[in-house]
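Here is how the chains run, residue by residue.
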Amino acid sequence: MEEYNEIIKQRIKTIEEIRQMQMDPYSSRPYKVENTAEELIQKYSDTSAEELESNGIKCSIAGRIVAIRSFGKAAFAHLQDSSGKIQIFFQKDKLGDDFKLFKKLNIGDIIGLNGILFRTKTNELTINISSYRLLTKSVRPLPEKWHGLTDIETRYRQRYVDLIVNPQVRNTFRTRSRIIRCLRNFLDAKGFMEVETPMMQPIPGGATARPFKTHHNALGLDLFLRIAPELYLKRLLVGGFERVYEINRNFRNEGISTRHNPEFTMVEFYMAYADYTEMMDLMEEIITGVVKETLGTLSIRYGDNNIDLTPPWPRVRMVDALIEAGMPEKALSDLAEAKKWAIGKGVALDDVHSLGKALDEIFSELIEPSLIQPTFVIDHPVELSPLAKRKKNEPRLVERFELFIAAREIANAFSELNDPFEQKNRFHDQVADREKGDDEAHLMDDDFLRALEYGMPPAAGAGIGIDRLVMLLTDSPSIRDVILFPQLKPEA
């Protein structure tokens, strides 16, 4: 740490020396950039040293110095821009008085330069600098080593440094951007309209989760950060928009793990005159389309698993999966029996007070870890899905599916409940659960019920967890790896 502080002191001293040279270490003048490192390397990858020399190819580029090798009157360095790295060459004979500034440059500084391309004796494409300008002086040195679990929290906390020194991290977030663009393009092409709904809501709805609370001073009103946009998107179905979607941030005041983050991104979309079976077909089309567009293949690797995303994907009833796992019929219909059987399997259900939630917990513990290949788990208990339509011949179940890939839920969808009378009863059941201590149960939403009374067309809705989809397609072990600035505890 002492050595680190000495480096910072020396760099601050250098900044003062640069100012005394009548130069600005933090340039306010624009710099005309005409090329990128990637563009130059790709365009001239096959151009010989002789061709480069005879053609005198000029370029203009800007970026951060990430390596320097000095040889007195000359120096090689690597310049990194948003596209990649390219070697540059400082030569005193060519730069004249401008070379004296080179002695003040450090790794981490940002410069702009003009030069001519050539190849070194080792055949590396290099820019021979004819002029350059210091654009930003770096005070803090870049870390020499930025890998391993010991630095993982620092990487999340100082993501800006992580992005500078780890190209694979930059690639992860480029992939994330492509995935979101693909989702948007796909839904637009299918006739869905992108909309925006409130992030602060008087009643947190659309999911069973604990919300974050805030206060609106002007209205004198307590509000909640949304846990889902669902109820507002369904209001739009009532209003006559038959296909809508929102790429949205949601906030659930819950635990943090490698798969869960309290602030997360989803795409939710709703389609009138459809049910959950049609939504499964559409989900296959969306996911495979995004994967092909992003990776160029439907065979991917996640961790130790090879995953084949070629449709169609199996559709497995939750109840059938539990029976196959050995759960007796009696335990499927009685809470006490379900708890008794679960204990024998090492699943604790002490705080669970409904059969549906008991079955869900058992499923999560015993079956979910085996769902590596893409699988639709369908027909869930009604207690878990207060906004979904019941199955006609099985009133204890609803028309719902969850899509699992690599042993985690990627998407959730159902046929939407549009009967205002049943919806009101479901809300009453949720309120009763809340009174028993379930602080994730849904609240009564009278305005949503009023909207349903005007008539919502039969519809299906779905949500895809974008963070988890990015994890899958970038082989990232933790959700924090795919969130640019995850929330962390304050530094000590």
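Source: prediction; values computed, not measured.

Caption draft 1: Expanded view of the overall build of the protein chain. Helices and strands together make up the secondary structure of the protein chain, namely 16 helices and 19 strands. C-alpha atoms of the protein chain, sized along the principal axes, occupy 85 × 50 × 50 Å. Counting across all 492 residues of the protein chain, residues that qualify as buried make up 49%. In the protein chain, the share of contacts with a sequence separation of at least 24, taken over all contacts with a separation of at least 6, comes to 65%. Total accessible area computed for the protein chain in this model is approximately 24,900 Å², and 50% of it derives from carbon and sulfur atoms. Placing the 66 positive and 75 negative side-chain charges of the protein chain at their respective mean positions leaves the two points 7 Å apart.

Caption draft 2: Molecular detail of the environment of valine 161. Following the sequence through the fold, valine 161 ends up in helix α6 (residues 159-165). Judged by relative accessible area, valine 161 falls into the buried class, the value being 11%.

Caption draft 3: Spotlight on the side chain of glutamate 268. As for its placement among the helices and strands, glutamate 268 is situated in strand β11 (residues 263-272). Although buried, glutamate 268 forms no salt bridge, and the nearest oppositely charged side chain, arginine 252, lies 5.5 Å from it. Polar side-chain contacts of glutamate 268 include one of 2.7 Å to the side chain of tyrosine 270. Sequence-distant contacts of glutamate 268, that is, excluding residues within four places in its chain, are made with Ala228, Pro229, Glu230, Leu233, Val244, Tyr245, Glu246, Asn248, Ala462 and Gly463.

Caption draft 4: Region of interest: the pairing of strand β9 (residues 221-225). When strand β7 (residues 200-201) meets β9, the two strands line up antiparallel, connected through 2 bridges. Across the sheet, residue glutamine 201 finds its bridge partner in β9, namely phenylalanine 224. Bridge count for strand β8 (residues 213-216) against β9 is 4 bridges, and the pairing is antiparallel. Each bridged residue has a counterpart across the sheet, and for histidine 215 the counterpart in β9 is aspartate 222. Connecting β8 to the next strand, β9, in antiparallel fashion are 4 residues, including glycine 220 with a positive phi near 60°.

Caption draft 5: Structural view of the environment of alanine 342. Within the secondary structure, alanine 342 sits in helix α12 (residues 335-344). As a C-alpha pair, alanine 342 and glutamate 365 span 23 residues in sequence and 9.7 Å in three-dimensional space. For alanine 342, the contacting residues outside a window of four places in its chain are Val347, Leu349 and Ile362.

Caption draft 6: Expanded view of the sheet that holds strand β1 (residues 58-70). Strands sit in the order β1-β2-β3-β5-β4 around a closed barrel of 5 strands; the barrel is mixed. Geometrically, the sheet is characterised by an average inter-axis angle of 55° between neighbouring strands, direction not taken into account. Two elements, strand β3 (residues 84-91) and strand β5 (residues 125-136), share 3 bridges in a ladder whose sense is parallel. Residue isoleucine 88 lies in a different strand from β5, and its bridge partner there is isoleucine 127.

Caption draft 7: Representation of the nonpolar core within the structure. Membership of the largest hydrophobic core comes to 51 residues, with the highest contact counts inside it found for Phe269, Met283 and Ile464. At 9 residues, helix α9 (residues 276-295) tops the list of elements feeding residues into this core. Discounting residues that sit within four places of it in the chain, isoleucine 464 has contacts with Leu183, Thr265, Met266, Val267, Phe269, Met283, Ile286, Ile287, Ile410, Ala411 and Leu469. Within the second largest apolar cluster, 28 residues are counted, among which are Ile18, Leu40, Cys59 and Leu79.

Caption draft 8: Local environment of the packing of aromatic side chains. Scanning the entire structure with this criterion turns up 11 aromatic pairs. Ring geometry for phenylalanine 71 against phenylalanine 76: centres 6.3 Å apart, planes inclined by 80°, an arrangement best described as edge-to-face. Exposure remark for phenylalanine 76: the relative accessible area of 17% places this residue in the buried category. These aromatic residues form a ring-pair network of at least three members: Phe71, Phe76, Phe89 and Phe118. A cation sits over an aromatic face here: arginine 235 above tyrosine 232, 4.5 Å from the ring centre.

Caption draft 9: Examining the sheet that holds β7 more closely. Spatial strand order, β7-β9-β8: 3 strands in an open sheet with antiparallel pairing. For this open sheet the edge positions go to β7 and β8, each flanked by a neighbour on one side alone.

Caption draft 10: Main features of the packing of helix α7 (residues 167-189) against α9. Taken N-terminus to C-terminus, the directions of α7 and α9 make an angle of 135°; their axes are 9 Å apart at the nearest point. The pairing of α7 with α9 is recorded here as oblique in orientation. Seen along the crossing, α7 lies across α9 with a hand that is right-handed. For the pair α7 and α9, the contacting residues are Thr175, Arg178, Ile179, Cys182, Leu183, Phe186 and Leu187 in the first and Leu282, Glu285, Ile286, Val290, Glu293 and Thr294 in the second.

Caption draft 11: Quick peek at the pattern of salt bridges. Across all of its chains, the model carries 28 salt bridges by this definition. A salt bridge links glutamate 17 to lysine 104, with the nearest nitrogen and oxygen atoms 2.7 Å apart. With glutamate 17 in helix α1 (residues 2-20) and lysine 104 in the loop between α4 (92-95) and β4 (110-119), this pair connects stretches of sequence that are 87 residues apart. A salt bridge links lysine 391 to aspartate 379; its shortest N-O distance comes to 3.4 Å. Of the two residues, lysine 391 sits in strand β16 (residues 390-391) while aspartate 379 sits in strand β15 (residues 375-381), which places them 12 residues apart along the sequence. One network of salt bridges, with partners in common, ties together Arg317, Asp320, Asp379, Lys391 and Glu394.

Caption draft 12: Main features of unusual backbone geometry. Cis geometry is found at the peptide bond from proline 311 to proline 312, where omega equals 0°. Inspection of the secondary structure puts proline 312 in the loop between β13 (305-308) and β14 (315-317). The backbone phi angle of glutamine 22 is positive, close to 65°, even though this residue is not glycine. With respect to the helices, strands and loops of the structure, glutamine 22 is situated in the loop between α1 and α2 (37-43). Of the residues examined, glutamine 22 reaches a relative accessible area of 71% and is grouped as exposed.

The rules behind these values
Residues numbered from 1 in each chain as written. Predicted model: local features only at pLDDT ≥ 70, side-chain atom pairs only at ≥ 80, totals over all residues. Heavy atoms only, no water. Helix = DSSP H or I, 4+ residues; strand = E, 2+ residues; numbered from the N terminus. Buried < 20%, exposed > 50% of the residue type's maximum accessible area, 1.4 Å probe, protein only. Contact = heavy atoms within 4.5 Å. Areas by Shrake-Rupley, 256 points an atom, 1.4 Å probe, with all protein chains shown as cover. Lys, Arg positive; Asp, Glu negative; His and termini not counted. Charge placed at Lys NZ, Arg CZ, Asp CG, Glu CD. Salt bridge = Lys/Arg side-chain N within 4 Å of Asp/Glu carboxyl O. Polar contact = N/O pair within 3.5 Å; in protein donor to acceptor, adjacent residues only side chain to side chain. Pairing = 2+ DSSP bridges. Axes fitted to C-alpha atoms, helices over the stretch in contact; angles between N-to-C directions. Core = buried A, V, L, I, M, F, W, Y, C linked by side-chain atoms within 4.5 Å. Phe/Tyr/Trp six-rings, centres within 6.5 Å; stacked < 30°, edge-to-face > 60°. Lys NZ or Arg CZ within 6 Å of the ring centre and 35° of its normal. Parallel < 35°, antiparallel > 145°, perpendicular 65-115°, else oblique. Left-handed = near helix turned anticlockwise from the far one by under 90°.

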